[in-house]
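A closer look at the structure
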Amino acid sequence: MRNTRTVPARPFPARPVPLFALAVTTAGSLLLGPNAGAAEPRPPVHREAALDQQVARAPLGAAQRALTAAGAGAEAALGDDGRGYPRRQVLSADPVNPGDKSIKLGLTPYHGLAPKLNALQALGDRVSVEVVGRSAGGHRLYLVTVTAPETARQARSQARMRELIERTPALAAKSAEIKRSYKAPVFVNNNIHGDEWEGTDASLELIQRLATAQDARTRDLLAHSRLYFNVTANPDGRIAGTRANANGFDMNRDFVTASQPEVRAMRQIMVGKQPTVMLDLHGYVNGTLIEPTTPPHGENYEYDLFLKNSYANALGMEAAVNGLGYTPRKDGVEPAQIPFRDLDEGWDDWPPIFTPQYAAFHGTVAAHTVEIPMEVNGSLYDTLPVTELRRRSAINVDVAGAALRATLDFVRTKRASLVADQIEVFRRGAAGAAQVPVSPATVPGVPGIGPEDVYTTTFPRAYVIPAPGTTAAARLVDHLLANDVRVTRAAHAFRLGGRTYAKGSYVVDMHQPKRGLANVLLADGRDISDKVSAMYDISGWSLGRLWGAPVRTLPRLPYGGVLRPVRAASPVAYVAPRGDLRLRLDDPNEVAALNSLLRDGVRARRAADGSAIVPGSARRQAGEAARRYGVAFHATRLTGTAPLHRTRVAAAVTAGELFALREMNFEVTPVSTDVLNAGFDWSSVDALFVSVGLEYGDLTAPARTALDSFLTGHGLVGRGLTGAELGTAAGLLAVKPVEGNGDANGVVRVRNSGSLLMSGAPDHGFVYAPVWFTDLGPKVRVEQAYGTGNPLVSGHWRASQDGSGGPGDAAGRASVVSGPRAVLFGTEPLFRDHPKGEFAQVGRALFSMAQASGTR
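Let me begin by describing the structure that accompanies this report. (Residues numbered from 1 in each chain as written. Predicted model: local features only at pLDDT ≥ 70, side-chain atom pairs only at ≥ 80, totals over all residues. Heavy atoms only, no water.)

1. Quick word on helix α17 (residues 471-482)
Short version of the rule: Secondary structure is summarised from DSSP: a helix means a run of H or I of at least four residues, a strand means a run of E of at least two, and numbering begins at the N terminus for each. In a helix, the anticipated span is given by 1.5 Å times the number of residues less one. Burial classes follow relative accessibility: with a 1.4 Å probe on protein chains only, a residue under 20% of its type's maximum area counts as buried, one over 50% as exposed, and anything between as partly exposed.
Along its 12 residues, α17 runs 16 Å from first to last C-alpha, staying within 8% of the 16 Å computed at 1.5 Å per residue. Burial analysis of α17 places 10 of its 12 residues in the buried class, the great majority of the element. Those residues of α17 lying buried are Thr471, Ala472, Ala473, Ala474, Arg475, Leu476, Val477, His479, Leu480 and Leu481. Asp484 sits one or two residues past α17 and shows a positive phi near 70°.

Spelled out as structure tokens, the structure:
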């Protein structure tokens, strides 16, 4: 679900609204049943920040599973291995868990899935089940395929046609075989938010019906399509009744980064199956909300094709949901709504962090978030009678089922045009064709299209990543390849646009089928602050600016056959054969490598520029770290200054920050106000990092005394208003933190001091409710400042309604400050494990603050 808040109407005429004047509502106001009246309407939303404001306590094992090969089995499992359908397997049973939160709602608990899926496979020859990975909590992820039986030869033919559609779309458009016999792939994603349960059960009911139905429509559907059901995308959350997975991540915000194994599994489903249509089943908005969305629309889509099909399917789902006969008076269920038609703004498809918006870049031409109506999670789960919860859940299963059935009818009747439109998406990309702006002429049949809906971009001819030997470049290239973006490598040096690029530079030719996704990941993005009053979630995310690898555009490709396709980035690991070793600490992998060495007892020292000096006697250990983390140790004559030690961190931070700290191999103990008040052993840690959940004024006197004592010999790393206020309340740093517009987010220009903390830091940062610092005391050092003028490069940042808190107020102000016992960040250097190029700033700060007093 997307939590609601008021936003002003956009400065364009409102779309035609049905007579029932739909608004986004929740069922939470229906306290006891259908006679309580209609749900109280709430206005549209801009973003859901709840998880980004909660202190994280995720177990270390969940992070370790996400950071290793967990979930990597998805790629192998989804490969074309020559098998036909069905692909049966007997799933072993999971231990019965009476605490599974699904049980109270009368729904299928996670431990009930394997037996149910075994039974569904046994019903006939249409249902197959594959395990496509494991969750952060270690639970199996099930993909169910429903289709008419296929021989191995027929399955190989389908794979060949799917590859032809993406790789040579101009030929695919002319293929009579594809028109006649290609099975349109359909992807149904369920339960990505763990406490929005019912899509799973609706899909299971539908799979059971499809497994045995003998009517002509079902036979026709299964003969001409493959239906893929991700039964539960978030088993951890389904069991625990939480929105997030075991790492505390909202996975419907993770598709740009794909930090979580569940998201990597979903990504591989979309890459490997190439769905034409997809549904992502959520809850809870009453009446049922069915995308397409309000502006702003993602500028990298072929949005004319996307809107045409998504709107048509939405109409069918709306009719099916309303046709169930539920009413506000009798059942507490409002009529369905389509944001594009019924709302002005607040429910956008701008960032591809959401599953349907990400799917669009893999050729999905009709993709929808569907928010089923009756709220059963949150406080209502604990306060409503079980009978009422089950009544609501039954309605939700019914509504989700209606949306599913309508979508399958849409696919059955529109298969040929859906496939043709997917081919056209890829053809435009491969040909470098211009996008087609939406208008009543280009998308007939969709009401209310106006200038506010027109979002297109200018694609560069190519991108170049000119730092082939760096960890950051290798990470970025491998991430592009994992997203099915084609990358090439220069076989020798070349010169273009007045610059010379070294041999090995990576080039992304933007004449490729998935150019939209390539541009999403590499472009700077756009400042859309003037387009709408507020955004639903992040609106700036450039990996080219935030991942630490330089990215430039090229006016054309180099001549002479210099480029060679790559399947993986070239190895970066290197250890100089002799002498002492220097490890730069500009990248999270370098920090992780150093922490692994320190934990193994290697005696490293810090150089004046912030890098680490490792003695030549530790060359073997350095070699192991270089291979594991993909980093380079170069020879040096520097001896370093202060010794570096193993750093153990007490952290009151968000889930994304906790995960990033563990990614850098810091030993982290989650803390909070309650943990400190209960008594905390400060001797077990070396530094404190605070961004949420620890308020100095809420500490008991003994807890405050213990914290003050710890901070006399160690230091604080603080982020945001909470971290800064703790620093000032504890007397660590004389500054005044100023909070900007809390709705702001995006990529910003920054100026770094070049100090030990900021040496090698990128000249861009990320903000999410930005903070800056004024009234600096005599011992305060400005480590980083916001750029002058308008520092926002891409995203959404306006002044607040009183005129304050905008980017103009932040311009030139300190964004990171330090003193002898504290480093405070006003930016978001670890946000959702995303801005990788900024991680090392926090790593260096923690090393410094672990020894803030100069003793150990």
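2. Examining unusual backbone geometry
Following Gly283, the chain continues to Tyr284 via a peptide bond in cis, the omega torsion being 5°. As for its placement among the helices and strands, Tyr284 is situated in the loop between β5 (277-283) and β6 (289-290). The step from Pro295 to Pro296 runs through a cis peptide bond, and the omega angle for that step is 0°. One non-glycine residue, Ala258, lies in positive phi territory at about 55°. Looking at where Ala258 falls in the secondary structure, it is placed in the loop between α9 (235-240) and α10 (261-273). Of the residues examined, Ala258 reaches a relative accessible area of 6% and is grouped as buried. Although it is not a glycine, Arg832 sits at a positive phi angle of roughly 50°.

3. Describing the packing of aromatic side chains
How we decide: A pair of Phe, Tyr and Trp rings is counted when the ring centres sit within 6.5 Å of each other, with Trp represented by its six-membered ring. The angle between the planes then sorts it: under 30 degrees is stacked, over 60 is edge-to-face, the rest tilted. Any Lys NZ or Arg CZ that is within 6 Å of a ring centre and within 35 degrees of that ring's normal is treated as a charge sitting over the ring.
Going through the model one piece at a time under the given rule, you end up with 21 aromatic pairs. Here the aromatic rings of Tyr311 and Phe340 are separated by 6.3 Å at their centres, their planes lie at 70°, and the arrangement is edge-to-face. With Tyr311 in helix α11 (residues 303-322) and Phe340 in helix α13 (residues 339-342), this pair connects stretches of sequence that are 29 residues apart. Judged by relative accessible area, Phe340 falls into the buried class, the value being 0%. Ring pairing ties together the aromatic residues Tyr301, Tyr303, Phe306 and Phe361, which thus form one cluster. Over the face of the ring belonging to Tyr85 we find Arg87, whose NZ or CZ atom lies 4.1 Å from the ring centre. If you follow Lys104 out to its NZ or CZ, it ends over the ring of Tyr381, 4.6 Å from the centre.

4. Concerning the pairing of strand β1 (residues 127-134)
The cut-off we apply is this: Any two strands between which DSSP finds at least two bridges are classified as paired.
When you tally the buried positions in β1, you get 6 out of 8 residues, the bulk of the element. Here β1 pairs with strand β2 (residues 140-146) via 6 bridges, running antiparallel. The residue of β2 that forms the bridge with Val129 is Val144. Counting the residues that bridge the hairpin from β1 to β2 gives 5 residues, and of these Gly138 lies at a positive phi of roughly 95°.

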